[in-house]
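The chain contents come next:
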Amino acid sequence: MIPTIPTVHSPLARWSRNIAVFSLQLVLTAVLLHRLLSLGTPLALHLFAAALGLAAVAILLALAAFVRIWRDGRRGAWSAAAGLLMGLGLMAWPAALVPTYRSLPEIHDISTDTALPPSFVALAASRPAGANDIRYGGGELARLQLEAYPDIRPLIVPRPAAEVWEVLGETVRRLGWTVASEVPPGGKGQPGYIEAVDRTLVLGFYDDIIIRIDGGQRDTRIDVRSVSRFGQHDFGRNAQRIRKLFKEFEVRLDASVTGGDRPRRRRGRPEAAVPKRGKAGQAAGSGQKQQQGRALRGSQREPSQKVKQPSRGADQARGKRSQQPQ
């Protein structure tokens, strides 16, 4: 009679598989709740961190289970393998970001104008508690940006400001951004503004964007600022968004101009800031009304709702508003 060898399932293998499955479910739940049901970003980040911690535990348990299976002849190799693969799959997500994290500076606020960046008004008031400071960081931030992203500069277009503003409005909507505020330019020294919100593709993190359009009848300067609401490192996302906006804008502008009349665009110097507005500019800007809504191409923008617009004669005045406690 041949003696039977007892086959006992390794509890470590079972726990590895179960924990890995739970961590995967936790990540999927956090993503769905954050994107679809407005789960707070800080809570979503904590759920992601907890899921990654559990994935690491699943990997360690799987390795320990393989040792016991090899030594004692226990069952559970498939469960241990499942836990190991799922855990490694989840850990591969942040691991893939390590080279980007190390190669780019730890900043989350990118502006084409580092001397006088556009200041948020509408989005500053709706920014949630715990979000990054909306005030621009200043000298050190500008230095890090210019070293990492030397191509992020103002775009100067030889077209009237009103036409540029119309095309930019269409471009923003084409990109799928949510427009929070629109103020048309009032002429040279009275810039127009577009404030919008964009979300990352997978996790749905919120980023705020403001576009400043300043010019007259001959040429127009476009400045863009993109800011992450949460997190100190944007992994280059804000710079990519500005490049994407300019690329799409140039395509749409070229489509609206016939061959021989196509203008030549050029990049402005980063240090060439928009001149500060004086008291006269502030007085002129204080009478403007904020206009929101979308118009057909070739027509004037007709506001769907008119509200009293705060003075935008200077970006410094906008900055003071954004510094008020929320």
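Residues numbered from 1 in each chain as written. Predicted model: local features only at pLDDT ≥ 70, side-chain atom pairs only at ≥ 80, totals over all residues. Heavy atoms only, no water.

1. Some words on helix α3 (residues 77–95)
Point 1. With 19 residues, α3 should cover 27 Å at 1.5 Å per step; its first-to-last C-alpha distance of 26 Å lies within 8% of that length.
Point 2. Those residues of α3 lying buried are S79, A80, G83, L84, G87 and L90. Buried residues along α3 cover an arc of 140° about the axis, so they all sit on one side. Exposed and facing more than 90 degrees away from the buried side of α3 are W78 and L85.
Point 3. The inward-facing, buried residues of α3 abut α1 (11–36) and α2 (41–72). (Helix = DSSP H or I, 4+ residues; strand = E, 2+ residues; numbered from the N terminus. Expected span 1.5 Å × (residues − 1). Buried < 20%, exposed > 50% of the residue type's maximum accessible area, 1.4 Å probe, protein only. Arc of directions from axis to C-beta. Contact = heavy atoms within 4.5 Å.)

2. Some remarks on unusual backbone geometry
It is generally the case that most residues other than glycine have a negative phi and that most peptide bonds are trans.
Point 1. Of note, the phi angle at F235 is positive, near 55°, even though the residue is not glycine.
Point 2. Along the chain, F235 turns up in the loop between β6 (220–228) and α8 (237–255).
Point 3. F235 sits in the partly exposed class, given a relative accessible area of 29%.

3. Here we look at the nonpolar core
Point 1. Ranked by size, the top nonpolar core spans 30 residues in total, and within it L168, I211, I213, I222, V224, L245 and F249 carry the most contacts.
Point 2. Those elements that provide at least two residues to this core are α6 (139–148), β2 (155–157), α7 (161–174), β4 (192–199), β5 (206–215), β6 and α8.
Point 3. Counting twelve residues, the second-largest nonpolar core is a separate cluster that includes A30, V31, A44 and A55. (Core = buried A, V, L, I, M, F, W, Y, C linked by side-chain atoms within 4.5 Å.)

4. Topic: α1
Point 1. Here α1 contains 26 residues, and its C-alpha end-to-end distance of 37 Å stays within 8% of the 38 Å for a straight helix at 1.5 Å per residue.
Point 2. Among the residues of α1, A13, S16, I19, A20, S23, L26, V27, A30, V31 and H34 are the ones counted as buried.
Point 3. Against α2, α3 and β4 lie the buried residues of α1.
Point 4. In the stretch just after α1, S38 is the one whose phi turns positive, near 60°.

5. A closer look at the confidence of the model for the protein
Point 1. Of all residues in the protein, 76% attain a pLDDT of 70 or more, and the chain-wide mean is 80.
Point 2. Residue range residues 258–264 is modelled with pLDDT below 50. Its contacts to residues more than four positions away, or to other chains, number seven contacts.
Point 3. Low pLDDT, under 50, characterises residues 319–326; the predicted model gives this stretch ten contacts beyond four residues in sequence or across chains. (pLDDT = per-residue confidence, 0-100.)

6. Quick word on the pattern of salt bridges
Point 1. Applying the stated criterion across every chain yields a total of 21 salt bridges.
Point 2. Ionic pairing is found between D72 and R74, a salt bridge with its closest N-O pair at 4.0 Å.
Point 3. By relative accessible area, which is 38% here, D72 ends up partly exposed.
Point 4. The partner of R173 in a salt bridge is E182, with the nearest N and O atoms 2.8 Å apart.
Point 5. With relative accessibility at 1%, the residue E182 sits in the buried group.
Point 6. One continuous salt-bridge network, built from bridges that share partners, spans R68, R71, D72 and R74. (Salt bridge = Lys/Arg side-chain N within 4 Å of Asp/Glu carboxyl O.)

7. Things to note about the packing of α1 against α3
Point 1. Two elements in contact, α1 and α3, have axes whose closest approach is 7 Å; the angle formed by their N-to-C orientations is 30°. The chirality of how α1 crosses α3 is left-handed. Mapping the contact onto sequence places A13, R14, S16, R17, A20, V21, S23, L24 and V27 in α1 and S79, A80, A82, G83, L84, M86, G87 and L90 in α3.
Point 2. Its residues assigned to classes, the contact of α1 with α3 shows ten nonpolar, five polar and two charged. (Axes fitted to C-alpha atoms, helices over the stretch in contact; angles between N-to-C directions. Left-handed = near helix turned anticlockwise from the far one by under 90°. Nonpolar A, V, L, I, M, F, W, Y, C, P; charged D, E, K, R; others polar.)

8. A few points about a nonpolar patch on the surface
Point 1. Together, L32, L36 and L37 give the surface a local cluster of nonpolar side chains, amounting to about 350 Å² of exposed area.
Point 2. Secondary-structure assignment places L37 in the loop between α1 and α2. (Patch = residues over 30% accessible without salt bridge, like charges linked within 9 Å, V, L, I, M, F, W, Y side chains within 5 Å. Areas by Shrake-Rupley, 256 points an atom, 1.4 Å probe, with all protein chains shown as cover.)

9. A word on the packing of aromatic side chains
Point 1. Here the structure, examined in full by the defined rule, presents three aromatic pairs.
Point 2. Relative to W93, the ring of F48 lies with its centre 5.8 Å away and its plane at 85°, an arrangement referred to as edge-to-face. Remark: W93 occurs in helix α3 and F48 occurs in helix α2; sequence separation between them is 45 residues.
Point 3. Classification of F48 by relative accessible area gives buried; the value is 4%.
Point 4. Judged by its relative accessible area of 33%, W93 falls in the partly exposed class. (Phe/Tyr/Trp six-rings, centres within 6.5 Å; stacked < 30°, edge-to-face > 60°.)

10. Remarks on the environment of P118
Point 1. You can see P118 is positioned in the loop between β1 (109–111) and α5 (122–125).
Point 2. It is 6.5 Å that separates the C-alpha atoms of P118 and R212, two residues lying 94 residues apart in sequence.

11. Things to note about the pairing of β6
Point 1. Of all nine residues in β6, nine are buried, a share of seventy percent or more.
Point 2. Of the two faces of β6, the one carrying T220, I222, V224, S226 and S228 and the one carrying R221, D223, R225 and V227 are both buried.
Point 3. Bridging between β1 and β6 involves three bridges; their strand directions are antiparallel. Looking at β6, one finds that S111 is bridged to R225.
Point 4. Bridging between β2 and β6 involves three bridges; their strand directions are antiparallel. Opposite I156, over in β6, you have R221 as the bridge partner.
Point 5. When β5 meets β6, the two strands line up antiparallel, connected through nine bridges. Bridge pairing in β6 links G215 to T220. (Pairing = 2+ DSSP bridges.)

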